[in-house]
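Structure at a glance
Residue-level listing of the chains:
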There are 2 protein chains.
Amino acid sequence: MKKAVVLLSGGLDSTTVMAIAMSEGFNVYSLSFSYGQRHSIELDASKRVANAMGARDHLVMNIDLSSFGGSALTSDMDVPKQRAEQDMVASGIPVTYVPARNTIFLSFALAWAEVLGAQDIFIGVNAVDYSGYPDCRPEYVAAFEKMANLATKAGVEGAEKIRIRTPLINLTKAEIIKKGIELGVDYAMTHSCYDPSPKGVACGECDSCALRKKGFEEVGVKDPWA
Amino acid sequence: MKKAVVLLSGGLDSTTVMAIAMSEGFNVYSLSFSYGQRHSIELDASKRVANAMGARDHLVMNIDLSSFGGSALTSDMDVPKQRAEQDMVASGIPVTYVPARNTIFLSFALAWAEVLGAQDIFIGVNAVDYSGYPDCRPEYVAAFEKMANLATKAGVEGAEKIRIRTPLINLTKAEIIKKGIELGVDYAMTHSCYDPSPKGVACGECDSCALRKKGFEEVGVKDPWA
């Protein structure tokens, strides 16, 4: 069976991506990061999802992005709230942007893919209901893929090429949720909030909570996690 | 003063690159990695170089590439010896290649550059006296730079662009050493061996030792570190 590396945060999007990769027949190797984020709840969620969905292997890489600073997700800056209601979600780059995070995540995935002999790397980026992050756009993903094929053995030996797979990139949050429900994803396992309480209760007001709420409302089903 | 991030291993090449960046008037922020390599001697060397040459800041990121495996530099595979004498240095990708290493290193440098507001990232890759690593070629560097400018704030705000600076890329080892000597680099501080003894004595036989030895011989000066 062919192998794929899936970047898995344990959130709604990456969990759906993992289900899509499995539905295509891949043996999935899921990769998560402890990167200095303010809470470890997403690491618990990613382990839960990897186990429940049958990942072949699940790795958590420890990387301390907080030593660079520059983001509300890895420092003590405040996470902005109620931006969705003010129609500000897509206006400019918010402080929850973590500099070069997707590039770092994809680079580690590339290393693992090369060692495993996997050609496919899945990432749940989304250019529709997104929060204004530059590293979620299709032109960024295409540039990363091109670079990846020059960076590795794929580029010099005429070997099979690396593919960066972004099955959610043009879907709305509601379409993502519908797709996941079709594939049998149990969204109760997943976690989306940028700023949960110490016990893991979602704040309900950050961009991520707001987009999730709106998505489930559009689909017309109850969020099993809310 | 303008800022630059310099990837610094404490080896001959990256130390020369740091001297070049400083000669261009940059405030240098040097970045090293503890990545599961078999010895920490290069980390000691990089701290020594950063201090001696006056880096504004020096960060060591801990990333455990050994959990992926796939390289003699991060596992217990044997480091090949006497390849240079057999004229095998440039034949194919050797086991000392660490999958996607330069991509991972440059990605972290990109994150730091974005937080610092630095446009310039220096890396000591070299396409002449190289060991057959795909991520040392000019076309790889160009692709990374293009991706970097789409990944970050540089790409969406019409801001100043990120530049990946590779001043050694077309130089022979002898030319690199000459350049460094002109700039006053003390090569006694630097370290090059892939497989040193526990006390830090170079093996003298790996690709890295062989290229360094040949370089100093061509310049006609004694290697102060040998």
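In this report, we go over the structure that sits alongside the text. (Residues numbered from 1 in each chain as written. Chains lettered and ligands numbered in written order. Predicted model: local features only at pLDDT ≥ 70, side-chain atom pairs only at ≥ 80, totals over all residues.)

A few words now on the overall build of chain A. Check the secondary structure of chain A and you find seven helices and five strands. Within chain A, buried positions represent 52% of all 226 residues. When contacts within chain A are restricted to residue pairs at least 6 apart in sequence, long-range pairs at least 24 apart make up 71% of them. (Helix = DSSP H or I, 4+ residues; strand = E, 2+ residues; numbered from the N terminus. Buried ≥ 20, exposed ≤ 12 C-beta atoms within 10 Å, placed from the backbone. Contact = placed C-beta atoms within 7 Å.)

Turning next to unusual backbone geometry. Residues and elements named next belong to chain A. Unlike most non-glycine residues, A100 shows phi in positive territory, near 60 degrees. Structurally, A100 can be placed in the loop between β3 (57–62) and α3 (101–116). Of the residues examined, A100 has 28 C-beta atoms within 10 Å and is grouped as buried.

With an RMSD of 0.0 Å, the operation that places chain B on chain A is a rotation of 180 degrees combined with a shift of 0.0 Å along the axis. Interpreted geometrically, this transformation is the action of a two-fold axis. Of the interface residues in chain B, 100% have counterparts in chain A that sit at the interface too, so the contact is made through matching surfaces. (Least-squares fit on C-alpha atoms with pLDDT ≥ 70 in both.)

Right, let's talk about the sheet that holds strand β2 (residues 27–34) of chain B for a bit. Residue and element names in this part refer to chain B. Taken in spatial order, the five strands make up an open sheet running β3-β2-β1-β4-β5, and their pairing is parallel. A strand with exactly one partner marks an edge of an open sheet, and here the two such strands are β3 (57–62) and β5 (163–165). Put simply, the sheet's adjacent strands are angled 25 degrees from each other on average, direction ignored. Note that strand β4 (residues 120–122) and β5 share three bridges and pair parallel. The residue bridging I121 from the neighbouring strand is I164, located in β5. Docked against the sheet, helix α3 (residues 101–116) engages β1 (3–7), β2, β3, β4 and β5, running at close to 160 degrees with respect to β1. (Pairing = 2+ DSSP bridges. Axes fitted to C-alpha atoms, helices over the stretch in contact; angles between N-to-C directions.)

Take the sheet that holds β3(A) next. Residues and elements named next belong to chain A. The strand order β3-β2-β1-β4-β5 describes an open sheet built from five strands, whose pairing is parallel. Every other strand in the sheet has two partners, leaving β3 and β5 (163–165) as the edge strands with one partner each. Averaged over neighbouring strand pairs, the angle between their axes works out to 25 degrees when direction is ignored. Bridge analysis of strand β2 (residues 27–34) against β3 gives six bridges, and the strand direction is parallel.

What follows is about the interface of chain B and chain A. Each partner contributes to the interface: chain B provides 38 residues, whereas chain A provides 38 residues. Within the residue set of the side of chain B that touches chain A, elements represented by two or more residues are β3, α3, α4 (138–151) and α5 (153–156) of chain B. With 10 residues, α3(B) is the largest single contributor of residues to the side of chain B that touches chain A. Residues of the side of chain B that touches chain A, tallied by class, amount to 22 nonpolar, nine polar and seven charged. (Nonpolar A, V, L, I, M, F, W, Y, C, P; charged D, E, K, R; others polar.)

This part is about the environment of T15(A). Residues and elements named next belong to chain A. Inspection of the secondary structure assignment puts T15 in helix α1 (residues 12–23). Each C-alpha atom, one on T15 and one on I169, is 14 Å from the other, the two residues being 154 residues apart in sequence. When neighbours within four sequence positions are excluded, T15 is seen to be in contact with G10, V49, V185, M189 and T190.

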